[in-house]
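Architecture at a glance
So you can see what is in the structure, the chains are spelled out below.
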Amino acid sequence: MKSKWRTTLIFSVTAALLSLCMLFTFRITITTYVSSNAQEIISGTEKVVRGAKAASDDNNRLYGEIIYLEDDFSKSSWATDHDWDISSNYLENHDKELNRIVKWAKRHAHRDKLTFASIGGSHYYLKLEKVDGQLLIIFADVSPEYRLISYISLVLWVVLFISLLVAGAVGLILGRYQERDSQKQKEFFENASHDLKTPLMVIQGYADGVASGLMPADRANQAILKETEKMTKLVNEILHLSRLESGALKLQKTSFSLQELLDNCLYHIDYPAQEKGIAIEQDIVDTMVVGDPQQLERALSNILDNSLRYAQSKITLQANPKEIIIANDGRLLTSDEGKHLFDRFYTGKGGLSGIGLALTQEIIRQHGWKIKAYNQDEQVVFYIKLK
């Protein structure tokens, strides 16, 4: 099963279980409360009937209704705590309701036991008692409470359905991210293996040449040393990027001079630029910035190395408290390169790949800065926006 569907299923099932737990917890809690309240009402009514207390003792207390029965369960009369005038229409309807209760009690009720009954769409708690030789049914109508429970349950079911949709959507989105990350990780290892395999094959070739006497040792040593340096740099950049992304490597932020940082970066490319005949134009407004100078020097040096590799005649460096701009007059970026230039091991039109610019982007990002690359005025521009 693809990771995105697995994540969607996990989120949906989790949301469904949580919502069902909430629904059942609500129903159990509220029905327990209604049952307890009905039991108190019937118990209070029973005490009044037995003469243990007068109904006027507690004017705020609710009492149930009483149906007086003959021994053969034929209804003789009924009593209620209602204190308003009862219309004849109400009496007729209520009499039908009482008859339904009596019929139900005759078949299902037990003496001295509180029983729940659903009769004709209404809900009651009732108790069959015999007081002073008189058979009677004491009951409390809890239909309004159960209608409220049904309404709230319906709302919760709707919430459950919506939560399933939301959870499914969130799971699908996260699953896509997870699948994309897995694909990136796979590509990362494949590309890393390829980029490490190339220098190893070169080293093996030169070593075999020396061993068979087909190649001078001095020439082979130089080539092996060069390829070893490439491989060491690549491994160091991979480890550095991994430590940054995992949080194992923390930025050591301090306040420093922007001019001094850029001078250190330019120092490393000054001699190679002179050898290639590349002019370096500077327009730097010095300011104090807060960051990790060591990591920023590494990031900016990667951009300058990249610019030196492709520049035809000049590299331009501009800096001020708001931005750093590094431009070169080399080959312009293709649209695909503009989108993927900072991806790990991205191979551009020139055939070169690596992880240097991906490391640069991560360092810039962890400083809260932003970086992008684009073509402008026949130049390739690396633009860094400071905080």
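To start, this report covers the structure provided alongside it. (Residues numbered from 1 in each chain as written. Predicted model: local features only at pLDDT ≥ 70, side-chain atom pairs only at ≥ 80, totals over all residues. Heavy atoms only, no water.)

In this section: the overall build of the protein. Helix and strand content of the protein: eight helices and 12 strands. Counting every position in the protein, which comprises 387 residues, the buried fraction comes to 36%. Considering only contacts within the protein whose residues lie at least 6 apart along the sequence, 61% involve residues at least 24 apart. By element, 54% of the accessible surface of the protein is carried by carbon and sulfur atoms, the whole surface being about 23100 Å². (Helix = DSSP H or I, 4+ residues; strand = E, 2+ residues; numbered from the N terminus. Buried < 20%, exposed > 50% of the residue type's maximum accessible area, 1.4 Å probe, protein only. Contact = heavy atoms within 4.5 Å. Areas by Shrake-Rupley, 256 points an atom, 1.4 Å probe, with all protein chains shown as cover.)

Time to look at the nonpolar core. Counting residues in each nonpolar core, the largest one holds 46 residues, and the members touching the most others are Leu300, Ile303, Ile315, Ile324, Ile326, Phe382 and Ile384. Broken down by secondary-structure element, the contributors of at least two residues to this core are α4 (217-246), α5 (258-276), α6 (293-310), β9 (314-319), β10 (323-328), α8 (356-366), β11 (370-376) and β12 (379-385). Considering each element in turn, this core owes the most residues, seven residues, to α5. Once residues lying within four places of it in the same chain are set aside, the contact partners of Phe382 are Ile303, Asn306, Ser307, Ile324, Ile325, Ile326, Asn328, Leu341, Phe342, Leu357, Lys372 and Ala373. Counting residues in hydrophobic clusters, the runner-up holds 16 residues, among them Leu69, Ala109, Tyr124 and Phe139. (Core = buried A, V, L, I, M, F, W, Y, C linked by side-chain atoms within 4.5 Å.)

Take the sheet that holds β12 next. Spatially, β7-β9-β10-β12-β11 is the arrangement adopted by the five strands of the open sheet, whose pairing is mixed. Every interior strand has two partners, whereas the edge strands, β7 (279-284) and β11, have only one. Neighbour to neighbour, the strand axes of the sheet diverge by 15° on average, direction disregarded. The pairing of β9 with β10 spans five bridges and is antiparallel. Note on β10: the bridge partner recorded for Thr316 is Ala327. Helix-sheet contacts for α5 involve β7, β9 and β10, and the interaxial angle to β7 is about 175°. (Pairing = 2+ DSSP bridges. Axes fitted to C-alpha atoms, helices over the stretch in contact; angles between N-to-C directions.)

Relative to β9, β7 runs parallel, the two being bridged by six bridges. For Gln282, the partnering residue across the bridge sits in β9 and is Leu317. The antiparallel hairpin formed by β9 and β10 contains three residues in its connecting segment.

Using the criterion set out here, one finds four aromatic pairs in the structure. Relative to Tyr125, the ring of Phe116 has its centre 5.1 Å away and its plane inclined at 55°; by these criteria the two rings are tilted. You can call Phe116 partly exposed: its relative accessible area is 32%. Following the ring pairs from residue to residue traces out a cluster consisting of Phe116, Tyr125 and Tyr146. (Phe/Tyr/Trp six-rings, centres within 6.5 Å; stacked < 30°, edge-to-face > 60°.)

Before going further, it helps to examine unusual backbone geometry. In this structure, Asp377 takes a positive phi of about 50° despite not being glycine. Along the chain, Asp377 turns up in the loop between β11 and β12. Note on Asp377: relative accessible area 66%, which makes it exposed. Although it is not a glycine, Glu378 adopts a positive phi angle of roughly 60°. Its place among the elements puts Glu378 in the loop between β11 and β12. You can call Glu378 exposed: its relative accessible area is 62%.

Turning next to the packing of α4 against α6. Following both chains from N to C, one finds α4 and α6 inclined at 130°, their axes separated by 14 Å at the closest point. Overall, the two elements α4 and α6 adopt an arrangement that is oblique. Viewed along their axes, α4 and α6 form a crossing whose handedness is left-handed. On α6, the residues touching Asn236, Glu237 and His240 of α4 are Gln295, Arg298 and Asn302. Among the residues forming the contact of α4 with α6, the class breakdown is no nonpolar, four polar and two charged. (Parallel < 35°, antiparallel > 145°, perpendicular 65-115°, else oblique. Left-handed = near helix turned anticlockwise from the far one by under 90°. Nonpolar A, V, L, I, M, F, W, Y, C, P; charged D, E, K, R; others polar.)

Moving on, we get to the packing of α4 against α8. Following both chains from N to C, one finds α4 and α8 inclined at 25°, their axes separated by 10 Å at the closest point. If you check the angle between α4 and α8, you find them roughly parallel. With respect to the hand of their crossing, α4 and α8 are arranged in left-handed fashion. The segment α4 lies against α8, with Glu237, His240, Leu241, Leu244 and Glu245 engaging Gly356, Ala358, Leu359, Glu362, Ile363 and Gln366. Considering only residue class, the contact of α4 with α8 consists of five nonpolar, three polar and three charged.

Glancing now at the side chain of Ser153. Its place among the elements puts Ser153 in helix α3 (residues 143-212). Once residues within four sequence positions are removed from consideration, Ser153 is found in contact with Leu23, Phe26 and Arg27.

Moving on, we get to the pattern of salt bridges. Summed over all chains, the structure comprises four salt bridges. Among the salt bridges present, the one from Lys127 reaches Glu129, with a minimum N-O distance of 3.3 Å. For Lys127, a relative accessible area of 17% corresponds to the buried category. A single salt-bridge network, built from bridges that share partners, covers Glu46, Lys127 and Glu129. (Salt bridge = Lys/Arg side-chain N within 4 Å of Asp/Glu carboxyl O.)

Such coordinate-based values are descriptive only and should not be taken to indicate function.
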